[in-house]
Amino acid sequence: MALLRLIGTGLLVAMLACMAMHQITGDAVWRQRAKQVFRWVVVLALCVIGLFVLRRGAMFI
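Since we're looking at a predicted model, the values are computed, not measured. (Residues numbered from 1 in each chain as written. Predicted model: local features only at pLDDT ≥ 70, side-chain atom pairs only at ≥ 80, totals over all residues. Heavy atoms only, no water.)

### Describing the packing of aromatic side chains
By convention here, two paired aromatic rings are described through the distance between centres and the angle between planes. In the structure shown here, the tally under the stated rule is zero aromatic pairs. The aromatic ring of W30 is capped on one face by R33, whose charged end is 4.7 Å from the ring centroid. (Phe/Tyr/Trp six-rings, centres within 6.5 Å; stacked < 30°, edge-to-face > 60°. Lys NZ or Arg CZ within 6 Å of the ring centre and 35° of its normal.)

### Details of a nonpolar patch on the surface
A surface patch of nonpolar side chains, about 480 Å² in accessible area, is lined by F38, V42, L46, I49 and V53. You can see V53 is positioned in helix α2 (residues 28-59). (Patch = residues over 30% accessible without salt bridge, like charges linked within 9 Å, V, L, I, M, F, W, Y side chains within 5 Å. Areas by Shrake-Rupley, 256 points an atom, 1.4 Å probe, with all protein chains shown as cover. Salt bridge = Lys/Arg side-chain N within 4 Å of Asp/Glu carboxyl O. Helix = DSSP H or I, 4+ residues; strand = E, 2+ residues; numbered from the N terminus.)

### Describing helix α1 (residues 2-25)
Between its terminal C-alpha atoms α1 stretches 34 Å, which fits the 34 Å expected from 24 residues at 1.5 Å a residue. Positive backbone phi, at 75°, marks G26, one or two positions downstream of α1. (Expected span 1.5 Å × (residues − 1).)

### Side note on the nonpolar core
It is characteristic of soluble globular proteins that their nonpolar side chains tend to be buried jointly. By size, the foremost hydrophobic cluster in this structure holds five residues: M15, C18, A34, V37 and V41. Contributions of two or more residues to this core are made by α1 and α2. No other element matches the three residues that α2 contributes to this core. Not counting residues within four places of it along the chain, the set of residues in contact with V37 comprises L11, A14 and M15. (Core = buried A, V, L, I, M, F, W, Y, C linked by side-chain atoms within 4.5 Å. Buried < 20%, exposed > 50% of the residue type's maximum accessible area, 1.4 Å probe, protein only. Contact = heavy atoms within 4.5 Å.)

The following block contains the structure:
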C-alpha cells in the first residue's frame, strides 16, 4: 500500500510540474503531458479503489 501511495504522490507532483511548465512557457506540449499523467493518476485511483473492494469482499467469503 505504501508503494501505491508513493507512486500516486509522484504522479501528482509530476502533473503539477507539467502544469507549472505549461503556465511558464505557454507550450501546449506540457499541457498534453499533464493530461497523460492525469490519466495514469485516474487509473491508479481506480486500481486502489478496486483493491479496497476486493479486500472488503474477501472478508465475506
